[in-house]
Amino acid sequence: MFWHDRHSSDAATQQTSPAPTSALTTASQSTSTVQTATPSQDALAQRNLEEEELIGYLQRTFGAHIQHPKVQVQVLEKLMRFVQSRYPENWREQLAILIGAAFPDLQDALMQTFVALETYTEWMNTERYALMSLSDAEKRTRLWQKREALFGEQAYEIWKDQWQAEQFQDRLADLEQSSAPVEEKIAQYKQQILASFPEKAEHLINNKKQELTDRFLSLSSVQEQLRTMPPEQRYSQLRHLREELGMDEAALSRWGDLDKTRDERRANGDAYMAQRQALTEGDAQNAARIQALQQKYFGDEADIIAAEEASGYFRFESSQQYGIN
């Protein structure tokens, strides 16, 4: 393939050791001939040192997991950037040399992956505009077809994070269409997290509680059910969701208080909008009366509300997203 034996020629790989300082004497001090390194030799020595350091880094960083397809791609991408910047004329040959030096037992497998990766990159560049014209679903299908064609089942390991995220999104879409009550949807949602991210579900729940909570509450079918509930039932369901996603008692208490504060703020805003709309519909709108309404309902925040409305934004026109705003 692209392999060239690093040790096929002793002359090609042998580096001249730097001369000791004591040997660097002038001709007037010694009749012996002193050979000093030329600039090109210095550059070659520096390049070889960089390569050896890179090989050591790759072995230390990736050696324990080099059998994994995704790790192999990470190694190849780092090597490609390195050799392309230093050997633009024959970087593929140099890539093969470094792969063989770093991971000799996997040289053939890594080079096969490299060929597939280069083909995939070229295809992506060629098809970029065509892919942009497709729907998300069509684009996703095309991408996975190409990945499977080039990498086989390893494609699902190389792009594992993307695959899992897409599976999670598909499950969310099914949950959105479900007519199950919110409490049942909460249980299904947690199972979806566990099923979509089996290796890191616990980490996600421990570290992404708020993002996961907001993702569930962003489902329109969930909001529709929450909107029809009496406040106390809604507060109970919101608490149950947060509890299932690992929030502690202190956090549950803070969020419960915030839910009530948000409802009070929304009720205040709805009352303001109703009176403001009456002014507008009766053709009796004037700046002074609207300003008085803003002051009545928002106090210190009246100027903020006025500035928002002057820019065309009316924060209370859109529906409240329970548990979010």
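You'll find the structure just up there.
A quick note: this is a predicted structure, and the numbers were derived from the prediction, not measured.

Chemist: Is there a simple way to think about the pattern of salt bridges in this case?
Modeler: A side chain of one charge can pair with a side chain of the opposite charge if their charged atoms are brought near each other. Per the stated rule, a full pass over the model turns up 15 salt bridges. Close ionic contact of D263 with R234 constitutes a salt bridge, the shortest N to O distance being 3.1 Å. Here D263 is found in helix α15 (residues 249–281), whereas its partner R234 is found in helix α14 (residues 231–244), with 29 residues between them in sequence. Pair check on accessibility: D263 and R234 agree, each one buried. Connected through salt bridges with shared partners, the residues K70, D161 and K200 form a single ionic network.

Chemist: Sorry if this is basic, but what is going on with the packing of aromatic side chains here?
Modeler: Each pair of aromatic rings is reported with the distance of its centres and the angle of its planes. Throughout the structure, instances matching the rule amount to 15 aromatic pairs. Between F168 and Y189, the aromatic rings sit 6.1 Å apart at their centres with planes inclined by 40 degrees, giving tilted as the arrangement. Here F168 is found in helix α9 (residues 160–177), whereas its partner Y189 is found in helix α10 (residues 182–196), with 21 residues between them in sequence. The residues F168 and Y189 share a single accessibility class, namely buried. Here the aromatic rings of F298 and F316 are separated by 5.7 Å at their centres, their planes lie at 10 degrees, and the arrangement is stacked. Of the two residues, F298 sits in helix α16 (residues 287–298) while F316 sits in the segment after α17 (302–310), which places them 18 residues apart along the sequence. These aromatic residues form a ring-pair network of at least three members: Y120, W123, F151 and W159. The ring centre of W144 lies 4.7 Å from the NZ or CZ of R147, which sits over that ring. For R147, the ring lying beneath its charged end belongs to W159, and the centroid distance is 4.6 Å.

Conventions used here
- Sequence order as written defines residue numbering, which begins from 1 separately in each chain.
- Since the coordinates come from a predicted model, pLDDT governs what is reported: local features require at least 70, and pairs of side-chain atoms require 80 or more to be given and counted, while whole-chain, interface and lining totals use all residues.
- Heavy atoms throughout the structure, all of them, feed into the side-chain values; hydrogens and water do not.
- We define a salt bridge as a side-chain nitrogen of Lys or Arg found within 4 Å of a carboxyl oxygen belonging to Asp or Glu.
- Secondary structure elements follow DSSP: runs of H or I no shorter than four residues count as helices, runs of E no shorter than two count as strands, and numbering proceeds from the N terminus.
- Burial classification: accessible surface area is computed with a 1.4 Å probe over protein chains only, and a residue below 20% of its type maximum counts as buried, one above 50% as exposed, and the rest as partly exposed.
- Ring pairs are drawn from Phe, Tyr and Trp, using the six-membered ring of Trp, whenever the two centres fall within 6.5 Å, and their geometry is named by plane angle: stacked under 30 degrees, edge-to-face over 60, tilted for the rest.
- For a ring to carry a charge above it, either NZ of a lysine or CZ of an arginine must fall within 6 Å of the ring centroid while also lying within 35 degrees of the normal to the ring plane.

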